[in-house]
There are 2 protein chains.
Amino acid sequence: MTLIMPAPEPDILSQRDALIERLRAILPASNLVVDETARRAYECDAFTMYRALPLVVALPETVAQVSAIMALAAEMNIKIVPRGAGTSLSGGSMPLEDGILLGMSKFNRVLEIDYENRCARVQPGVQNLAISKAVEERGFYYAPDPSSQIACSIGGNVAENAGGVHCLKYGLTTNNILGLEVVLMGGEIVRLGGKHLDSEAYDLLGLMTGSEGLLGVVTEVTVRILQKPAVARCLLLGFPSVDAGAHFVGAVIARGVIPGGMEMMDRATIHAVERFQPCGYPLDAEALVIVELDGTQAEVDLLVSVVDAIARAEGATTTKISTNEAERLQFWAGRKNAFPAVSCIQPDYLCMDGTIPRGRLPEVLAGMDAIAKREGLQVANVFHAGDGNLHPLILYDASKEGEMARAEKMGFDILRLCVSVGGVLTGEHGVGVEKRDLMGEMFTEIDLEQQMRVKCAFDPMNRLNPGKVFPTLHRCAEFGMMHVSGGAAPFPDLPRF
Amino acid sequence: MTLIMPAPEPDILSQRDALIERLRAILPASNLVVDETARRAYECDAFTMYRALPLVVALPETVAQVSAIMALAAEMNIKIVPRGAGTSLSGGSMPLEDGILLGMSKFNRVLEIDYENRCARVQPGVQNLAISKAVEERGFYYAPDPSSQIACSIGGNVAENAGGVHCLKYGLTTNNILGLEVVLMGGEIVRLGGKHLDSEAYDLLGLMTGSEGLLGVVTEVTVRILQKPAVARCLLLGFPSVDAGAHFVGAVIARGVIPGGMEMMDRATIHAVERFQPCGYPLDAEALVIVELDGTQAEVDLLVSVVDAIARAEGATTTKISTNEAERLQFWAGRKNAFPAVSCIQPDYLCMDGTIPRGRLPEVLAGMDAIAKREGLQVANVFHAGDGNLHPLILYDASKEGEMARAEKMGFDILRLCVSVGGVLTGEHGVGVEKRDLMGEMFTEIDLEQQMRVKCAFDPMNRLNPGKVFPTLHRCAEFGMMHVSGGAAPFPDLPRF
């Protein structure tokens, strides 16, 4: 499929030297990436399907520098794309040829740890896992744990509202942050939220979280920290059908048990994992569910027995319960290897990300099977079953003519299926450029117009990360928006009711 | 103090008959309150300091009726004030003389209970406690529990982002809702969120929550439900100083324990409560802390011993631990009587609502004492200590010349003190008209402008609940806004950066 992005501004390209000159007055030479070879390193994030060479890469270290860059970009009418660690799976930080790429990697300090208020103030470039490491000596941790947690930055987590295996119990990023410092489009610095609970006026903190870098540049994050649970135990459960596994997941939730994590994988993934590195998964099962229960010893023991009883009642054919930490980690080993393991079936895969109401799992899995059969491609399913967040891996071979396009089409069809049962296009990867052109499937014209009015309230000239999230080019005309061919696409005056 | 509200539109008053005629085409006669005596019942909410007689009261029963009323109001350029159960403590649903009061009380049905997705879909007029009652047979409940929970509606809870005793552990309203149906200013109906976790695009669900009825009219709410904890036990702890009590609270949190509730009251309140209806509170204590721990039996027993040890280390002079349910309820009885009890000290009180970082409790309590001494008024403190949400009760006698004004001034000074230590103007009561003119103390010009741009994105003509939250009249000019004396105060064109 062809990704249509706003065409580069010819004027801006001719102003590049002047821009760099002005940036040099703000940043030390080492914080500016001008050379083409060096800029290549920034041409995409972890969504590698589309690439662009940024006009220039700025790596500020202070909020004053960010503010000055934003003011300069406003003055010169230049686009900006913010970037954290570049691990986005939806192209959220894909650069623009006529835009400044604002890399936040040098904002890498933990500023304050405050146990009495159970929070930490960190800079946006700090890695997700580094926060937990900074507070582990007192037995605390930061809960959201995306798979990329050793690499991804907390600023990117805020932009994408990142999740992870444990978000079923502990929430997404939005449930675990208390405050932000943000630089607005004109360089103004605002603080949203803080160490206190709640805040008056509109919840701009919540609005900013998950806004995919389209509303402002985050320069500081106050996160909530939690005490590590005393004990964690796992159940490894095999079911004779995907339906049975899905019913089991629903039954656990309906019972009121909230596991620390509840992950599911299908037969294709189980077999791939066991071929890749055997870890004792049952090869006769059509679905495998791993349930982790955490808390105090007595609580966990009780919950393990409750979940075990539900599994038996729902027809589990395999039931293993971890009795020590080594066993618990072994149960997880296969899950953690799932992505590399499926790469052994086919050379390439597309990792999708959709979310559905948990109760619709059996139906969606059946529908996905039908789509896979129709397209003649294989799909391996690994997902956060507890919160209905699916990660179907569509397997294909890019060297075979047309397979990549078919895989992409199949991914879109799966997401449409998610939406049709009351689900949404993403759970934790964001919309970015990947799912931008599907937004119309999920949202009505009215929904999208209201979303774009909110964007206008922050960035009326559409200079911050344009081309992401909103199917802009399609929407321009309908929103009464003038699209200058080959030029920037500013938002129009607010429509009046 | 004088509350300055937008002056009524003379034009609108003359159009009243025409408006009523048009409303009769939308609503049955019984759903329209036209008569002056009947309209009097709606002249204020639980914040009784200011009153206004609404132009007309509309009581729709269907979303189509709400949509038609909103479209009519847009066509006729008439203001709208939405109202739930009218229990707001900040005047959030105070009517306007030239506006339609849109009462949502007839939206009173529980539409769906879905245990597999652990949620319930309810209409906005459903009482908070009615949701828990609807799911209690299966052992579930809805967590946020404002004191007014037998009366307040879930729609109002969403508007104010209501809290309660248990929000320390279970979160505010914003943490417990999954979806909304909202009617926008032109009558458009949108659905935000749903039964799934997360959603793509901007978090309009979060933005709507706590927006105090200024962005749209909520017509349906999907709430998360939780399983009731198996056991709850309480500790009743007396401390020799307010400082010691506050340090204890900080120590519990720093230890990583998250109690179901952690409430504190000062000497004045303890004595008032014991005079009102004795329940065994220690009269020698300067501060009383009630800690509730909930979960499984074993977990609760463990946590009780941990908290007990912290209390002893922090110098508690009284330590009682509930051994049965009757005792637990008795520990709470005094707390629940606190408001009527302080009414026996002085005929009137003003209940304030501010939130501070927990660590600053001792300092703020000392500062509050100093303010009280200076003003010659007494203050009784009852508060959600665990999450830093203070409810100082300023005692006064309205029959004494100037005392009410002094009480109001003192309340403002206390809130300024909260802000000065990094806190905020409200925890759960909202800004409304009560704290509107203090917003400038908390927010910078840039903050307020950004907030108002968001308001513009939903309601550019400022017709929905105007005069609340934003110090509009003061802000008009600075925001480049034309204020027509005696007329409506529409927002201006969006300022360009």
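All figures in this text were calculated on a predicted structure; none of them were measured in a lab. (Residues numbered from 1 in each chain as written. Chains lettered and ligands numbered in written order. Predicted model: local features only at pLDDT ≥ 70, side-chain atom pairs only at ≥ 80, totals over all residues. Heavy atoms only, no water.)

### Regarding the overall build of chain A
(1) Moving on: If you tally the helices and strands in chain A, you get 17 helices and 19 strands.
(2) Moving on: Computed over the C-alpha atoms, the radius of gyration of chain A is 23 Å, within 12% of the 23 Å expected from 2.2 N^0.38 for a compact globule of 497 residues.
(3) Moving on: Reported as C-alpha extents along the three principal axes, the dimensions of chain A are approximately 70 × 55 × 50 Å.
(4) Moving on: Out of the 497 residues belonging to chain A, those deemed buried represent 64%.
(5) Moving on: Residue pairs in contact within chain A that sit at least 24 positions apart in sequence constitute 72% of those at least 6 positions apart.
(6) Moving on: Accessible area for chain A stands at about 16900 Å²; split by element, carbon and sulfur atoms hold 52% of it.
(7) Moving on: Taking the average place of the 44 positive charges on the side chains of chain A and the average place of its 61 negative ones, the gap between the two points comes to 2 Å. (Helix = DSSP H or I, 4+ residues; strand = E, 2+ residues; numbered from the N terminus. Rg over C-alpha atoms; globule rule 2.2 N^0.38 Å. Buried < 20%, exposed > 50% of the residue type's maximum accessible area, 1.4 Å probe, protein only. Contact = heavy atoms within 4.5 Å. Areas by Shrake-Rupley, 256 points an atom, 1.4 Å probe, with all protein chains shown as cover. Lys, Arg positive; Asp, Glu negative; His and termini not counted. Charge placed at Lys NZ, Arg CZ, Asp CG, Glu CD.)

### Digging into the relation of the copies chain B and chain A
To go from the first copy of the chain to the second, apply a rotation about an axis and then a shift along the same axis.
(1) Moving on: Once chain B has been moved 0.0 Å along the axis and rotated by 180°, it coincides with chain A to within an RMSD of 0.0 Å. A rotation of that kind, with that shift, is consistent with a two-fold axis. (Least-squares fit on C-alpha atoms with pLDDT ≥ 70 in both.)

### Examining the environment of Glu-274 of chain B
Residues and elements named next belong to chain B.
(1) Moving on: Inspection of the secondary structure puts Glu-274 in helix α10 (residues 267-276).
(2) Moving on: With a relative accessible area of 14%, Glu-274 lands in the buried category.
(3) Moving on: A C-alpha to C-alpha distance of 44 Å links Glu-274 and Glu-36, two positions 238 residues apart in sequence.
(4) Moving on: Glu-274 has contacts with Cys-279, Gly-280, Tyr-281 and Leu-283, leaving out every residue within four places of it along the chain.
(5) Moving on: In terms of polar contacts, Glu-274 uses its side chain to reach the backbone amide nitrogen of Tyr-281, at 2.8 Å. (Polar contact = N/O pair within 3.5 Å; in protein donor to acceptor, adjacent residues only side chain to side chain.)

### Some words on the interface of chain B and chain A
(1) Moving on: Taken residue by residue, the interface counts 82 residues in chain B and 83 residues in chain A.
(2) Moving on: Interface area for chain B against chain A, summed over the two sides, is near 7000 Å², with a carbon-plus-sulfur share of 60%.
(3) Moving on: The tally of links between chain B and chain A comes to 0 salt bridges.
(4) Moving on: At the surface where chain B touches chain A, the tally comes to 10 residue pairs in polar contact (both at pLDDT 80 or more). (Buried area = accessible area lost by both parts, 1.4 Å probe. Salt bridge = Lys/Arg side-chain N within 4 Å of Asp/Glu carboxyl O.)

### Observations regarding the packing of helix α16 (residues 445-458) of chain A against helix α16 (residues 445-458) of chain B
(1) Moving on: Across the interface, α16 of chain A lies against α16 of chain B with an axial gap of 8 Å and an inter-helix angle of 155°. Looking at the two axes, α16 of chain A sits roughly antiparallel to α16 of chain B. α16 of chain A and α16 of chain B meet at a crossing whose hand is right-handed. Taken together, the residues of α16 of chain B that come into contact with α16 of chain A (itself represented by Gln-450, Arg-453, Val-454, Ala-457 and Phe-458 of chain A) are Gln-450, Arg-453, Val-454, Ala-457 and Phe-458 of chain B. (Axes fitted to C-alpha atoms, helices over the stretch in contact; angles between N-to-C directions. Parallel < 35°, antiparallel > 145°, perpendicular 65-115°, else oblique. Left-handed = near helix turned anticlockwise from the far one by under 90°.)

### Here's the deal with the domain arrangement of chain A
All names here are of chain A.
(1) Moving on: For chain A, the assigned domains read domain 1 (10-103), domain 2 (110-227), domain 3 (230-341) and domain 4 (346-432).
(2) Moving on: A C-alpha centroid distance of 29 Å is found between domain 2 and domain 4.
(3) Moving on: The interface is formed by 10 residues belonging to domain 2 together with 10 residues belonging to domain 4.
(4) Moving on: By the criterion of area lost to domain 4, the three top residues of domain 2 are Glu-160, Leu-168 and Glu-212, representing 58% of everything that side buries.
(5) Moving on: Class assignment for the residues of the side of domain 2 that touches domain 4 results in 5 nonpolar, 3 polar and 2 charged. (Domains from an automatic or database assignment. Nonpolar A, V, L, I, M, F, W, Y, C, P; charged D, E, K, R; others polar.)

### Topic: helix α11 (residues 297-313) of chain B
(1) Moving on: Over its 17 residues, α11 of chain B runs 24 Å from end to end, which matches the ideal 24 Å to within 8%, given 1.5 Å per residue.
(2) Moving on: Tucked inside the fold, the buried residues of α11 of chain B contact α11 (297-313) of chain A together with β12 (231-239), α9 (242-254), β14 (287-295) and β15 (318-321) of chain B.
(3) Moving on: Looking at the residues trailing α11 of chain B, positive phi occurs at Gly-315 of chain B, about 85°. (Expected span 1.5 Å × (residues − 1).)

### Overview of the pattern of salt bridges
All names here are of chain A.
(1) Moving on: Applying the stated criterion to the full structure yields 60 salt bridges over all chains.
(2) Moving on: Its salt-bridge partner being Asp-301, residue Arg-233 comes within 2.9 Å of it at the nearest N-O pair. Note that Arg-233 is positioned in strand β12 (residues 231-239) and Asp-301 in helix α11, a separation of 68 residues in sequence.
(3) Moving on: Judged by its relative accessible area of 18%, Arg-233 is buried.
(4) Moving on: For Asp-301, a relative accessible area of 32% puts it in the partly exposed group.
(5) Moving on: Lys-455 is paired through a salt bridge with Asp-459; the nearest N and O atoms lie 2.8 Å apart. The two residues Lys-455 and Asp-459 agree in class, both being buried.
(6) Moving on: Sharing partners across several salt bridges, the network here consists of Glu-112, Asp-114, Arg-121, Glu-181, Arg-191, Lys-195 and Glu-220.

### Quick look at the sheet that holds strand β5 (residues 110-114) of chain A
Residues and elements named next belong to chain A.
(1) Moving on: Strand order in the open sheet made by the 5 strands is β5-β6-β10-β8-β9, with antiparallel pairing throughout. Two strands close off the open sheet at either side, each with one partner strand: β5 and β9 (189-193). The average undirected angle you get between the axes of adjacent strands in this sheet is 15°.
(2) Moving on: One ladder, built from 5 bridges, connects strand β8 (residues 177-183) with β9; its direction is antiparallel. Opposite Leu-180, over in β9, you have Leu-192 as the bridge partner.
(3) Moving on: Lying over the sheet, helix α4 (residues 63-76) contacts β8, β9 and β10 (217-224), oriented at roughly 50° with respect to β8. (Pairing = 2+ DSSP bridges.)

### Considerations on the sheet that holds strand β9 (residues 189-193) of chain B
Residues and elements named next belong to chain B.
(1) Moving on: Pairing is antiparallel in the open sheet, where 5 strands are placed in the order β5-β6-β10-β8-β9. Looking along the sheet, the strands with just one partner apiece sit at the ends: β5 (110-114) and β9. Looking at each pair of strands side by side, their axes are set apart by 15° on average, direction ignored.
(2) Moving on: Pairing geometry for β5 and strand β6 (residues 119-122), over 4 bridges, is antiparallel. When the sheet's bridge partners are listed, Ile-113 is paired in β6 with Ala-120.

### Here we look at the environment of Gln-297 of chain A
Residue and element names in this part refer to chain A.
(1) Moving on: Along the chain, the position of Gln-297 falls in helix α11.
(2) Moving on: A residue is classified by how much of its surface remains accessible, and Gln-297, at 42% relative accessible area, is partly exposed.
(3) Moving on: C-alpha separation for the pair Gln-297 and Leu-226, spaced 71 residues apart in sequence, amounts to 18 Å.

### Comments concerning the state of the cysteines
All names here are of chain A.
(1) Moving on: This model, assessed by the stated rule, comprises 0 disulfides over all chains.
(2) Moving on: No disulfide involves Cys-167; its sulfur sits 13 Å from that of Cys-152, the nearest cysteine.
(3) Moving on: Looking at Cys-167, the relative accessible area reads 4%, which means it is buried. (Disulfide = S-S within 2.5 Å.)

### Focus: the packing of aromatic side chains
(1) Moving on: Under the counting rule described, the total for this entry stands at 12 aromatic pairs over all chains.
(2) Moving on: Centre to centre, the rings of Phe-339 of chain A and Tyr-349 of chain A are 5.8 Å apart; their planes meet at 80°, and the pair counts as edge-to-face. With Phe-339 of chain A in helix α12 (residues 325-342) and Tyr-349 of chain A in strand β16 (residues 348-351), this residue pair connects regions lying 10 residues apart in the sequence.
(3) Moving on: What makes Tyr-349 of chain A partly exposed here is its relative accessible area of 28%.
(4) Moving on: With a centroid separation of 5.3 Å and an interplanar angle of 50°, the aromatic rings of Tyr-115 of chain B and Phe-140 of chain B are classed as tilted. Of this pair, Tyr-115 of chain B sits in the loop between β5 and β6 while Phe-140 of chain B is found in strand β7 (residues 140-141), placing the two residues 25 residues apart along the sequence. Per residue, the accessibility class of Tyr-115 of chain B equals that of Phe-140 of chain B, and both read buried.
(5) Moving on: Against the face of Tyr-115 of chain A rests Arg-138 of chain A, its NZ or CZ located 4.0 Å from the ring centre. (Phe/Tyr/Trp six-rings, centres within 6.5 Å; stacked < 30°, edge-to-face > 60°. Lys NZ or Arg CZ within 6 Å of the ring centre and 35° of its normal.)

### Here we look at unusual backbone geometry
Residue and element names in this part refer to chain A.
(1) Moving on: With a phi close to 50°, Asn-161 is a non-glycine residue in the positive phi region.
(2) Moving on: Take Asn-161: it is sitting in the loop between α6 (154-160) and α7 (167-170).
(3) Moving on: Positive phi outside glycine occurs at Glu-212, with the angle close to 55°.
(4) Moving on: Note on placement: Glu-212 falls in the loop between α8 (204-208) and β10.

### Considerations on the confidence of the model for chain A
Residue and element names in this part refer to chain A.
(1) Moving on: Per-residue confidence for chain A gives a mean pLDDT of 89; residues scoring 70 or more make up 94%.
(2) Moving on: Confidence scores differ between elements of chain A, with helix α17 (residues 472-478) showing the lowest mean pLDDT of 39 and strand β2 (residues 56-58) the highest of 98.
(3) Moving on: Contacts of residues 473-497 to residues separated by more than four positions or lying in other chains number 66 contacts, the stretch itself having pLDDT below 50. (pLDDT = per-residue confidence, 0-100.)

### Focus on the packing of helix α13 (residues 361-375) of chain A against helix α14 (residues 403-420) of chain A
All names here are of chain A.
(1) Moving on: Look at α13 against α14: their axes get within 10 Å of each other, and the N-to-C directions meet at 155°. Overall, the two elements α13 and α14 adopt an arrangement that is roughly antiparallel. The handedness of the crossing between α13 and α14 is right-handed. Mapping the contact onto sequence places Val-364, Gly-367, Met-368, Ile-371, Ala-372, Arg-374 and Glu-375 in α13 and Arg-406, Lys-409, Met-410, Asp-413, Ile-414 and Leu-417 in α14.

### Points about the side chain of Glu-434 of chain A
(1) Moving on: Tracing the backbone shows Glu-434 of chain A in the loop between α14 and α15 (439-442).
(2) Moving on: Once you skip the residues sitting within four places of it in the chain, Glu-434 of chain A turns out to touch Phe-47, Leu-89, Ser-90, Cys-351, Met-352 and Phe-412 of chain A.

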